[in-house]
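Each chain is listed here by its residues.
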Amino acid sequence: MRRYLLILFAGVLVTSCKQDATTEFVKEISCYSDYSTVAWSDLSERYYRPNAGDWDPEMNKQIIKDFPIGISVEIWHLLQNARTDFHQKSLPLRAEASENIIKALDRTEAMFDTVFVRCVSQEYYMRLFPEMYNETMKPAIDELVIELANKQL
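Residues numbered from 1 in each chain as written. Predicted model: local features only at pLDDT ≥ 70, side-chain atom pairs only at ≥ 80, totals over all residues. Heavy atoms only, no water.

A.B. asks: How do you make sense of the pattern of salt bridges when you look at a structure like this?
C.D. replies: Taken as a whole and assessed by the stated rule, the structure comprises 9 salt bridges. Residue aspartate 85 pairs with lysine 89 through a salt bridge whose shortest N-O separation is 3.0 Å. You can see aspartate 85 and its partner lysine 89 sitting in helix H4 (residues 69–94), 4 residues apart, about one turn around the helix. By relative accessible area, which is 5% here, aspartate 85 ends up buried. A relative accessible area of 21% means that lysine 89 is categorised as partly exposed. Beyond isolated ion pairs, a larger network of salt bridges with shared partners links Arg83, Arg94, Asp106, Glu109 and Asp113. (Salt bridge = Lys/Arg side-chain N within 4 Å of Asp/Glu carboxyl O. Helix = DSSP H or I, 4+ residues; strand = E, 2+ residues; numbered from the N terminus. Buried < 20%, exposed > 50% of the residue type's maximum accessible area, 1.4 Å probe, protein only.)

So this is what it looks like as structure tokens:
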């Protein structure tokens, strides 16, 4: 259903030359709606991060004591690269978007950090990251697409 929303929205926007930036953006970020469609290995190498676990000290309060530090660093690194990539892809749209759209983009971008917090605030298990990612990002991307469809740029 969610993928159909993305496809339907992209199809509607294709008919309008004025909406080219939005159409392109929706196509580019559709991969972020599901863990299995994100090119994690490409993202891992795309952006240089000298300190992979460089989260804000306040974030340490969210990490449970027994959460494996190596896994938390890896998850943080991947999510920050995904967040950076999402932001880079949104720049052409941001240049012409209304304040409401920019706020919607910022909310969606912040959800990458929410995925991290949801992961590290509970006991680790093998499918934790994919499950928390899908539970968080699918609705966030869907809401953004709906917001883009309903608002004028």
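Here the narrative resumes, following the displayed structure.
A.B. asks: Quick question: what am I supposed to make of the environment of phenylalanine 25 here?
C.D. replies: Position of phenylalanine 25 relative to the elements: it lies in helix H2 (residues 20–29). Residue class for phenylalanine 25 comes out buried when judged on its relative accessible area of 2%. C-alpha separation for the pair phenylalanine 25 and lysine 89, spaced 64 residues apart in sequence, amounts to 6.5 Å. The residues touching phenylalanine 25, leaving out its near neighbours within four places in the chain, are Phe86, Lys89, Ser90, Leu93, Leu105, Leu144 and Leu148. (Contact = heavy atoms within 4.5 Å.)

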